[in-house]
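Residues per chain are reported as follows:
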Amino acid sequence: MTVNHTDDSDVCRRCSLQGPTCCRIVAGQEEFCFPLSKVEKERIQEHVPYTGGFVLEPNSKAFVDNICRLFPGEEDLIRELFPEGKEHFRLAVDTMGTCRFLGPGGCEIVQEMRPYYCRLFPFWMAGTDVIHFDSPTCLARREGRTLVRILKCLDSNKATIKDLYGRLRLIWGLPPRKGACHVKKGF
Ligand code: SF4
Ligand code: SF4
């Protein structure tokens, strides 16, 4: 969600000049990277022929607990989707914690092909409400301060976020909304 890519917002470009952005994780915290579904991975591979962009990560207890926090009330389903002893794919990062798809001009993947989590950040859903994470490194959050202004900074809106969130749920194997019929399983 960064930088100088022509379809990225101005605030993301400026964010990349100031600090770590959402495309970097603290080195050593890789197990907390969001999971990547098979469909998302294959879509990226089709458009960015790139070796070494993905890593198989064990479904550690800390990872699963973290995902459970994103989906309160759906913990049983999350534990079913990410069973202990199995693995999931995530984006590969370098020794500094930087995503392997982050190039000098920003994300090498065009917006529409990026993982849904990247496209959603820093937004999420709480029930039917769009919310934002309190990420201290997100310049859009720091400058915007309120949900409406952060959405505006990032050239987004609530309808887009709701749509992306629903798509992420489906592609991660969750029903389209909490409590709906479970339609897809497994990474
Ligand atoms: S895929 Fe692109 S937007 Fe997502 S973390 Fe990597 S560089 Fe950032
Ligand atoms: S952290 Fe926020 S402002 Fe920075 S690149 Fe990501 S979404 Fe944009």
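Before going into details, it helps to say that this report is about the structure given with it. (Residues numbered from 1 in each chain as written. Chains lettered and ligands numbered in written order. Predicted model: local features only at pLDDT ≥ 70, side-chain atom pairs only at ≥ 80, totals over all residues. Heavy atoms only, no water.)

## What about the packing of aromatic side chains?
Defined as follows: Ring pairs are drawn from Phe, Tyr and Trp, using the six-membered ring of Trp, whenever the two centres fall within 6.5 Å, and their geometry is named by plane angle: stacked under 30 degrees, edge-to-face over 60, tilted for the rest. Secondary structure elements are taken from DSSP: a helix is a run of H or I of four residues or more, a strand is a run of E of two residues or more, and numbering for both begins at the N terminus. Relative accessibility under 20% of the residue-type maximum defines a buried residue, over 50% an exposed one, and the middle range a partly exposed one, all with a 1.4 Å probe and only protein chains included.
Evaluation of the coordinates by the stated rule reveals 11 aromatic pairs. A centroid spacing of 4.7 Å and a plane angle of 25 degrees characterise the contact between Phe34 and Tyr117, whose relative ring orientation is stacked. Of the two residues, Phe34 sits in the loop between α1 (10-18) and α2 (38-47) while Tyr117 sits in helix α5 (residues 116-120), which places them 83 residues apart along the sequence. Across this residue pair, the class does not change: Phe34 and Tyr117 are buried.

## A word on the nonpolar core
Just so we agree on the cut-off: Here, nonpolar core refers to any group of buried Ala, Val, Leu, Ile, Met, Phe, Trp, Tyr and Cys residues whose side-chain atoms link them within 4.5 Å. The criterion used for residue contact is that any of the two residues' heavy atoms lie within 4.5 Å.
Core analysis: the largest hydrophobic core is formed by 48 residues, its most contacted members being Phe71, Tyr117, Trp124 and Trp172. Elements with a minimum of two residues in this core: α1, α3 (61-70), α4 (75-81), α5, β5 (123-126), α6 (139-144), α7 (147-153) and α8 (158-172). For this core, the element with the highest residue contribution is α8, accounting for six residues. Phe71 has contacts with Ile78, Trp124, Tyr165, Leu168, Arg169, Trp172 and Leu174, leaving out every residue within four places of it along the chain.

## Focus on the pattern of salt bridges
It is possible for side chains of opposite charge to pair when their charged atoms get near one another. Worth spelling out the cut-off: One speaks of a salt bridge when a side-chain nitrogen belonging to Lys or Arg is within 4 Å of a carboxyl oxygen belonging to Asp or Glu.
Under the defined criterion, the tally for this structure stands at 10 salt bridges. Between Asp65 and Arg79 there is a salt bridge, with the nearest N and O atoms lying 3.3 Å from each other. Of this pair, Asp65 sits in helix α3 while Arg79 sits in helix α4, and the two are 14 residues apart along the sequence. Owing to a relative accessible area of 41%, Arg79 belongs among the partly exposed residues under this scheme. Three or more residues are tied together by salt bridges with common partners; here these are Asp10, Arg13, Arg14 and Glu143.

## A few points about the layout of surface pockets
Stated precisely, the cut-off is as follows: A cavity here means a set of points on a 1 Å grid, drawn over the protein atoms and nothing else, where a 1.4 Å probe fits but cannot get out; a pocket is an open set with protein on both sides within 12 Å along at least five of seven lines, and a residue lines either one if it has an atom within 4 Å of a point. Grid points are joined across faces, edges and corners, and a volume is the space filled by probe spheres set on the points. As a working rule, the residues Ala, Val, Leu, Ile, Met, Phe, Trp, Tyr, Cys and Pro are called nonpolar, Asp, Glu, Lys and Arg charged, and the rest polar, with Gly in that last group.
The space that makes up the largest pocket amounts to roughly 990 Å³. What lines the largest pocket is a set of 35 residues, among which Cys22, Arg24, Ile25, Tyr117 and Phe121 lie closest to the centre. In terms of residue count, the dominant contributor to the lining of the largest pocket is α3 (four residues). A class-by-class count of the residues in the lining of the largest pocket yields 26 nonpolar, six polar and three charged.

## Some points on the pairing of β5
Across a regular strand the side chains alternate sides, sitting on one face of the sheet and then on the other. Applicable threshold: The pairing criterion is simple: DSSP has to find at least two bridges between the two strands.
Where β5 lies against strand β6 (residues 129-132), four bridges are found, and the strand directions are antiparallel. Looking at β6, one finds that Met125 is bridged to Val130. Joining the antiparallel neighbours β5 and β6 is a turn of two residues, in which Gly127 adopts a positive phi near 65 degrees.

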